[in-house]
Amino acid sequence: MTVNANLCALHGSYLFSETAARVAAFSQENPGKTLLRLGIGDVTLPVADAVVRALCAAAEEMGRPDGVHGYAPTAGYPFAIEAVRNGYYAPMGVDVAAEDIFISDGAKPDTAGAQELLSPGAVVAVCDPVYPVYADSNAMAGRRVVYLPCRAKDGFAPPLPRERVDAVYLCSPNNPTGMALSRDALAAWVDYARREDVLLLFDAAYSAYVAARDTPRSLFQIPGAQEVGVEFGSLSKSAGFTGLRCGWTVVPSANRWGLRRLWARRMATKTNGVAYPVQRAAEAALSPEGLAQSQQSVRYYQENARLLGEALRRSGYVVFGGADAPYLWVRCPEGLDGWGWFDRLLRQAQIVCTPGEGFGRCGAGYVRFCAFGRRDEIREAAERLGMNA
Ligand code: MLT
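Heads up: these notes are all about the structure in this document. The model shown is predicted, which means the values in this text are computed figures rather than measured ones.

This part is about the site of the ligand. Every residue lining the ligand is accounted for by Phe16, Ile40, Gly41, Lys108, Tyr131, Asn175, Tyr206, Lys237, Tyr327 and Arg368. At 2.9 Å from an oxygen atom of the ligand is found a side-chain nitrogen or oxygen belonging to Lys237. A distance of 2.7 Å separates an oxygen atom of the ligand from a polar side-chain atom of Arg368. Coverage of the ligand by the protein chains reaches 85% of its 270 Å² of free accessible surface. Residue classes in the shell around the ligand are distributed as five nonpolar, two polar and three charged.

Right under this line is the structure:
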C-alpha cells in the first residue's frame with residue numbers, strides 16, 4: 001500500500017501538539033514550577049447552569065424506556081436547529097432557513113471537512129497567519145494553498161487574492177490575530193466572491209467576542225453573502241463547549257453552486273450526528289437564560305483580554321487584537337522570534353503562549369496570548385510579563 005504523500009509532506013506536528021510537547025518537557029524537568037497557560041484557546045470557566053441542567057435531564061431521559069434516543073437526524077434535531085435560528089441568528093437580524101443549518105460537533109471538523117465540497121484541483125486561499133486547520137486539511141487533500149499575507153499596517157486584514165482561487169477561508173474575529181473585519185471589508189469580500197465566482201468559507205467561532213457595534217458577527221449580515229458563503233458557528237468559545245463539542249454549519253439554499261444538497265449528502269455519509277444530550281445542552285445554551293449566563297463568562301474573558309492588553313502595552317509591547325476577540329497578537333521583543341520568545345517566557349516566567357510562526361510565515365516575530373485563563377492567572381501573567389520584557 002502507499003500512504004498519502006500529502007499527509008507525509010505536512011510539517012512535523014500540529015502546532016498545538018508541538019507546543020504541548022515542549023510544555024510537557026519543561027514541566028518534567030521543573031516539577032515544582034506552576035505554569036500560566038495562555039497558549040491554546042481552551043476555556044476555564046464552568047458551563048452555564050442552564051446547560052448543566054439540560055445535559056442531566058437529557059441523560060436521565062435516555063435512561064427511561066420512553067426517552068430512548070438512537071441515531072440523531074443527520075443535520076441535527078429540529079429543536080437544536082431552531083435554537084441556532086432564534087438564539088443566534090435572529091438577534092443579529094439574520095434570517096437563516098432551518099433546512100440550511102447543520103448541527104455538528106464543532107467548527108474545527110467542519111472547516112476541515114468543507115474542503116470536500118471542492119474539486120481536487122481547486123485552489124484555496126487562506127490568511128497568513130492562519131488557524132492551521134484550514135491550510136492543513138486542504139494540503140492533506142493535495143490542493144494548492146495560496147497564502148494571503150496579513151500585515152500590521154492593514155490591521156491584519158487579508159488582501160484580496162492576486163491570482164485565481166476557488167475558495168477563501170476567512171475567520172473574523174480572527175484566530176490568531178484577534179482582529180475583526182469591518183463591515184466594509186467583509187462587503188468587499190462578498191463583492192469579490194460574487195464577481196469572481198469564489199466560495200467564502202467563514203469561520204465565526206469567535207463572534208461572541210465582537211464588542212464594536214458595527215462589526216459584523218456573521219457573514220450573512222452582508223447582503224448577497226448567502227449566494228457565495230458558507231458559515232461555521234461554534235459554542236466552544238461562546239458557551240464553554242470545548243469539551244462538550246457542538247457547533248453548526250450554514251450552507252444557504254441560495255448558494256449558487258447548490259452546495260447545500262452536497263453538504264447534506266456528505267454529512268449523511270460521514271456522521272451519525274451529535275449526541276442527544278449535547279444537542280439539548282446546545283439548545284439550553286442558546287435559550288435566553290443560557291445566553292445570559294454564558295455572556296457573563298464571555299465578559300469575564302473580555303475583561304481578561306483588556307487587562308492583559310493594558311499590561312502589555314504599559315510594558316512597551318506592540319499589541320493587536322483583544323478588543324473583539326479573546327486573543328492578543330503581540331510583537332516579540334527585539335532579537336527574538338516567536339519560538340524564541342515562547343521558550344524564554346516558558347523558562348523565565350513560566351508563561352505558555354503560542355508562537356506566531358506556528359500560524360504561518362507572516363506570523364513570524366509575533367506570539368499569541370489567549371485570555372481564557374482564570375483572573376488570578378491573568379493578573380499574575382501580566383505582572384511577570386512586565387518583569388520579563
Ligand atoms: C486555538 O487555540 O487556536 C483554538 O483553541 C483551537 C481550536 O479552536 O481548535
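To continue, consider the packing of helix α4 (residues 78-89) against helix α11 (residues 276-285). Relative to each other, α4 and α11 sit at 25 degrees, their axes nearing to 9 Å. Considering their axes alone, α4 and α11 lie roughly parallel with respect to each other. Along this stretch, α4 crosses α11, giving a crossing that reads as left-handed. On α11, the residues touching Phe79, Ala80 and Ala83 of α4 are Tyr276, Gln279, Arg280 and Glu283.

Quick look at the side chain of Arg384 now. Take Arg384: it is sitting in helix α14 (residues 375-387). For Arg384, the residues in contact, after removing those within four places along its chain, are Thr34, Leu36, Ala349, Gln350 and Ile351.

Cut-offs used in this document
- Residues numbered from 1 in each chain as written.
- Predicted model: local features only at pLDDT ≥ 70, side-chain atom pairs only at ≥ 80, totals over all residues.
- Heavy atoms only, no water.
- Near = heavy atom within 4 Å.
- Polar contact = N/O pair within 3.5 Å; in protein donor to acceptor, adjacent residues only side chain to side chain.
- Areas by Shrake-Rupley, 256 points an atom, 1.4 Å probe, with all protein chains shown as cover.
- Nonpolar A, V, L, I, M, F, W, Y, C, P; charged D, E, K, R; others polar.
- Axes fitted to C-alpha atoms, helices over the stretch in contact; angles between N-to-C directions.
- Helix = DSSP H or I, 4+ residues; strand = E, 2+ residues; numbered from the N terminus.
- Parallel < 35°, antiparallel > 145°, perpendicular 65-115°, else oblique.
- Left-handed = near helix turned anticlockwise from the far one by under 90°.
- Contact = heavy atoms within 4.5 Å.

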